Amino acid sequence: MILLVNQHTVPIFIDIANAFVEAGEETILFTGHVETGGKPLSTKIKIVKSISYQRHSVVSRLLTWLIFSIHYFFYLLVTHRLTRILVVTNPPLAPLITGLIAGWRKLPYFILIYDLYPEAFVQARFLNSSHLLYRSWQDMNIRYFKTAKGIFTLSESMKKAASAYVDDSTKISVVHNWVDTDYMYPISKTENAFISNNGLGGKTVVMYAGNMGLTHDLESVVGAAELLKELKKVVFVFIGEGGKLSLLQRQVKDKKLSNVVFLPYQPAAYFPMAMAAADIGIVTLGVGTEGISVPSKTYINLAAGSCILAIAPADSELTRLITEYHAGIVCNPGNPSSLAQAVTELLSDNDLLTRYKENALKASKVFTSKNAKKYIRVVLGPT
């Protein structure tokens, strides 16, 4: 019996869980929330429900992370019949708890790194690299990464960063994320209810959809909107919530920008229409996260057929992906004028915009749910 641990289960992880069931494995999912959209979670999977991840503020994040971790600690301590564990770095303490308890119980465990901690905390300015907690966390990573049966990362750059904690980097497998292209796909603007319902008809839509976290350079997007406020054809749409939402709303109000729209997270059935409304999809990656994070919204934008406008360091995995597939334009963080220039360039060259959108859609076909099988082969072994 395999135990899967992920506080916020997104469609990609649903594919992984379902793949274990299809392989004949009795499966338990310890989670706080299962996000609908795409393929449903198999009814054969037993769900153990804990507190959901709340990202409205730093306090709510830390509190829900902590409560989930405590619940998981005691659950793992008393639950029998487990044969192996696959744990995600969400919440950050979950892999450390797994290493501690699984080591004591002699259970094989595997770690899936979505974000590498404690490095992600430094990038978010929660810690500095000289802090005792940072050094202690690194020591625990060395111990528990070493005893893990296998480690998964989302890119080669993440593998390189994680390799600092292991003697043998061959135990680290790179499995790129993906998106369900049966769920997320381009929708004609004339047939897209999201466009008509939100008054976006006849507009070039520049969209950021997702968590507006403290590490995301979204102020530059507002800055670009200010520089382009005279272009009535362009509208900047923010969908979601997070630690920076109120700051961004305040900036837009102070600057009296009429070309910026804020919308809440969209229901699962409506979400593909929202994403397909974007001509240009914004994906952000903060300085310092080049090797410790890969935004999953990258693949969603590809599948929606949006030209990607990436805000990312030049040596990041995100930049490599956009460049390799010619799927958009990359701008350095903290540079609103370069964002505005990129949008202007795409507006003035419709052929270029169309080509980027077509290339994005082609690239999405490379990253499919077949990647879920790679987890099965490593965790369960060759069949």
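Look a little higher up for the structure.
Below: a short report on this structure.

**Quick look at the nonpolar core**
Okay, so step 1: In terms of nonpolar packing, the biggest core is built from 104 residues, with L3, Y72, I85, L86, L112, F194 and M207 touching the most fellow members.
Okay, so step 2: With eight residues, helix 1 (residues 11–22) is the largest single contributor of residues to this core.
Okay, so step 3: When near neighbours in sequence (up to four residues on either side) are disregarded, L112 contacts F13, I16, L86, V87, V88, T89, F152, L154 and Y375.
Okay, so step 4: Membership of the second largest hydrophobic core comes to 32 residues, among which are Y208, L218, L228 and L309.

**Section: the sheet that holds strand 15 (residues 328–331)**
Okay, so step 1: On the basis of which strands lie adjacent, the open sheet formed by six strands has the order 12-11-10-13-14-15 and parallel pairing. The sheet terminates laterally at strand 12 (260–263) and strand 15, the two strands that pair on one side only. Here the strands of the sheet are splayed against their neighbours by 20° on average, with no regard to which way each runs.
Okay, so step 2: Bridge count for strand 14 (residues 307–311) against strand 15 is four bridges, and the pairing is parallel. Residue A310 lies in a different strand from strand 15, and its bridge partner there is V330.
Okay, so step 3: Along the sheet, helix 11 (residues 297–304) makes contact with strand 10 (204–209), strand 13 (280–284) and strand 14, crossing strand 13 at roughly 170°.
Okay, so step 4: Sheet strands in contact with helix 13 (residues 336–348) are strand 10, strand 11 (234–239), strand 13, strand 14 and strand 15, and its direction is about 165° off that of strand 15.

**Side note on a nonpolar patch on the surface**
Okay, so step 1: On the surface, a cluster of nonpolar side chains totalling about 680 Å² of accessible area is made up of L66, I70, F74, L77, V78, L93 and W104.
Okay, so step 2: It is helix 2 (residues 58–78) that provides the largest number of residues to the nonpolar patch, a total of five residues.

**Quick notes on the sheet that holds strand 6 (residues 84–88)**
Paired through backbone hydrogen bonds, the strands of a sheet run either parallel or antiparallel to each other.
Okay, so step 1: Overall, parallel pairing links the seven strands, which are arranged 5-3-1-6-7-8-9 in an open sheet. A single partner strand is all that each edge strand has here, and the edge strands are strand 5 (46–49) and strand 9 (172–174). Strand-to-strand twist of the sheet, defined as the mean angle between neighbouring strand axes without regard to direction, takes the value 20°.
Okay, so step 2: Each of strand 1 (2–5), strand 6 and strand 7 (109–112) is contacted by helix 3 (residues 94–105), which is oriented at about 160° to strand 6, the strand it contacts most.

**Some details on the packing of aromatic side chains**
Okay, so step 1: Evaluation of the coordinates by the stated rule reveals 18 aromatic pairs.
Okay, so step 2: Judged by centre distance (6.3 Å) and plane angle (80°), the ring pair of W65 and Y117 falls under edge-to-face. Here W65 is found in helix 2, whereas its partner Y117 is found in the loop between strand 7 and helix 4 (119–123), with 52 residues between them in sequence.
Okay, so step 3: On the basis of relative accessibility, which here comes to 10%, the residue Y117 falls in the buried class.

**A look at the pattern of salt bridges**
Okay, so step 1: Taken as a whole, this structure holds 10 salt bridges when the rule is applied.
Okay, so step 2: Among the ionic pairs, D279 bridges to K357, the shortest N-O distance being 3.3 Å. Of this pair, D279 sits in the loop between helix 10 (271–276) and strand 13 while K357 is found in helix 14 (residues 350–364), placing the two residues 78 residues apart along the sequence.
Okay, so step 3: Take D279: its relative accessible area is 7%, and that puts it in the buried class.

What counts and what doesn't
Residues numbered from 1 in each chain as written. Predicted model: local features only at pLDDT ≥ 70, side-chain atom pairs only at ≥ 80, totals over all residues. Heavy atoms only, no water. Core = buried A, V, L, I, M, F, W, Y, C linked by side-chain atoms within 4.5 Å. Buried < 20%, exposed > 50% of the residue type's maximum accessible area, 1.4 Å probe, protein only. Helix = DSSP H or I, 4+ residues; strand = E, 2+ residues; numbered from the N terminus. Contact = heavy atoms within 4.5 Å. Pairing = 2+ DSSP bridges. Axes fitted to C-alpha atoms, helices over the stretch in contact; angles between N-to-C directions. Patch = residues over 30% accessible without salt bridge, like charges linked within 9 Å, V, L, I, M, F, W, Y side chains within 5 Å. Areas by Shrake-Rupley, 256 points an atom, 1.4 Å probe, with all protein chains shown as cover. Salt bridge = Lys/Arg side-chain N within 4 Å of Asp/Glu carboxyl O. Phe/Tyr/Trp six-rings, centres within 6.5 Å; stacked < 30°, edge-to-face > 60°.

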